[in-house]
Amino acid sequence: MNEVLSTKDRLRLLPTVVGRLGTTGIELAAYCLGKRGAPLPSGVAISPPATGWGAEAQKVGAQLLGPGFLEHSVRTWWFGMALAYADRAQANVDSDLLYVAAMLHDIGLFAPVKGRCFTAAGVEAVRETAPAGTAAHEIADVEAAIYEHVDIEKPAKPLSYYLQAGSLLDVAGTRITKVDPVVVRQACSDRAGFPAACRSAWRAECRRFPEGRAAYMEFALLLGTRLNPLPR
């Protein structure tokens, strides 16, 4: 999807926006009524990489991300992996690559590339942080995941899909009924203040790049941060 949305694009995507809002609304209502995700399979533990590309990407995130967003990046990875397990799709998602993408996906909200969607900064950081010898297809997959995580339509590639899904769960509660409650508690131990910080950063991006995908989704995202039942 293009960074800049034409009037034709906006009209074409409107049913998708409405449909995704409706689906999330139903999920949030079910969560309020007590529906919860199944536990992770026995013996499965989701833990972040301590070394390698993921650790390098985390250093960049720690330097550039605003208050609350490094923790959001970690939760994005947690939730993305938890949803992959819930969908029995974990074999199709490289946990380490998802971690890299999660660490870099929002850095452009705080260090944007002039005249570009905020995802451009994260895409540029992929090659800058990749260790020597990293496979070209891995670099391409992480770049695509970061670029596509704000696409209005669901991304087709697993890495892109679960980066978007993990981020949307933390921001708006999307698919919250599919995640193990234990994972939710572990991931959300330090979430206080994030919804307000997210709204502030997103509004700034919409003013900076009003013709982009983020601006098109402004109302839906800001509403989602207020309806999300995760700790505030």
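One structure accompanies this document, and this report is about it. (Residues numbered from 1 in each chain as written. Predicted model: local features only at pLDDT ≥ 70, side-chain atom pairs only at ≥ 80, totals over all residues. Heavy atoms only, no water.)

### Comments concerning the overall build of the chain
Alright, step 1. Looking only at helices and strands, the chain features 11 helices and 0 strands.
Alright, step 2. Its helices and strands in sequence order give the chain the pattern α-α-α-α-α-α-α-α-α-α-α, from N to C terminus.
Alright, step 3. The C-alpha atoms of the chain give a radius of gyration of 17 Å, which matches the 17 Å a tight globule of 232 residues would have.
Alright, step 4. When the backbone C-alpha atoms are referred to their principal axes, the chain occupies close to 45 × 45 × 30 Å.
Alright, step 5. By residue count, 51% of the 232 residues in the chain fall in the buried class.
Alright, step 6. Contacts in the chain between residues at least 24 apart in sequence constitute 76% of all its contacts with a sequence separation of at least 6.
Alright, step 7. Surface accessibility of the chain: about 10,600 Å² in total, with carbon and sulfur atoms responsible for 57%. (Helix = DSSP H or I, 4+ residues; strand = E, 2+ residues; numbered from the N terminus. Rg over C-alpha atoms; globule rule 2.2 N^0.38 Å. Buried < 20%, exposed > 50% of the residue type's maximum accessible area, 1.4 Å probe, protein only. Contact = heavy atoms within 4.5 Å. Areas by Shrake-Rupley, 256 points an atom, 1.4 Å probe, with all protein chains shown as cover.)

### What about the packing of helix α3 (residues 69-86) against helix α4 (residues 95-104)?
Alright, step 1. Remark: α3 packs on α4, axes separated minimally by 8 Å, with the N-to-C direction vectors making an angle of 150°. On the basis of the axis angle, α3 is roughly antiparallel to α4. The two elements α3 and α4 cross, and the hand of that crossing is right-handed. The residues of α4 that touch α3, namely those facing Leu70, Ser73, Val74, Thr76, Trp77, Gly80 and Met81, are Ser95, Leu98, Tyr99, Ala102 and Met103.
Alright, step 2. Of the residues in the contact of α3 with α4, the class split is 8 nonpolar, 4 polar and no charged. (Axes fitted to C-alpha atoms, helices over the stretch in contact; angles between N-to-C directions. Parallel < 35°, antiparallel > 145°, perpendicular 65-115°, else oblique. Left-handed = near helix turned anticlockwise from the far one by under 90°. Nonpolar A, V, L, I, M, F, W, Y, C, P; charged D, E, K, R; others polar.)

### A closer look at the layout of surface pockets
Alright, step 1. Of the pockets and cavities examined, the largest pocket occupies roughly 700 Å³.
Alright, step 2. Forming the walls of the largest pocket are 37 residues, and the residues nearest its centre are Arg20, Leu168, Ala172, Thr174 and Met217.
Alright, step 3. Counting only elements with at least two residues in the lining of the largest pocket, the list comes to α1 (7-32), α3, α7 (158-172), α9 (194-208) and α11 (218-227).
Alright, step 4. Ranked by the residues each element gives to the lining of the largest pocket, the list is headed by α1, at 9 residues. (1 Å grid on protein atoms, 1.4 Å probe; cavity = no way out; pocket = protein on both sides within 12 Å on 5 of 7 lines; lining within 4 Å. Points joined across faces, edges and corners; volume = space filled by probe spheres on them.)

### Topic: α11
Alright, step 1. Those residues of α11 that sit buried are Ala220, Leu221, Leu222, Gly224 and Thr225.
Alright, step 2. Contacts made by the buried residues of α11 are with α1, α7 and α9.

### Some remarks on the packing of aromatic side chains
Alright, step 1. On inspection of all chains with the given rule, the structure shows 6 aromatic pairs.
Alright, step 2. A centroid spacing of 5.5 Å and a plane angle of 75° characterise the contact between Phe118 and Trp202, whose relative ring orientation is edge-to-face. Of this pair, Phe118 sits in the loop between α4 and α5 (119-129) while Trp202 is found in helix α9, placing the two residues 84 residues apart along the sequence. Trp202 matches Phe118 in its accessibility class, with the two residues each being buried.
Alright, step 3. Note on Tyr161 and Tyr162: the rings are 4.7 Å apart at their centroids and 85° apart in plane angle, and the pair reads as edge-to-face. Residues Tyr161 and Tyr162 agree in their burial class; the two are buried.
Alright, step 4. A connected cluster of aromatic rings, assembled from ring pairs, spans Phe69, Phe110 and Phe194.
Alright, step 5. Sitting over the face of the ring of Phe194, Arg75 holds its NZ or CZ atom 5.1 Å from the ring centroid. (Phe/Tyr/Trp six-rings, centres within 6.5 Å; stacked < 30°, edge-to-face > 60°. Lys NZ or Arg CZ within 6 Å of the ring centre and 35° of its normal.)

### Comments concerning unusual backbone geometry
Alright, step 1. In this structure, Arg88 is a non-glycine residue whose phi angle is positive, near 55°.
Alright, step 2. Assignment of secondary structure puts Arg88 in the loop between α3 and α4.
Alright, step 3. Although it is not a glycine, Arg175 sits at a positive phi angle of roughly 65°.

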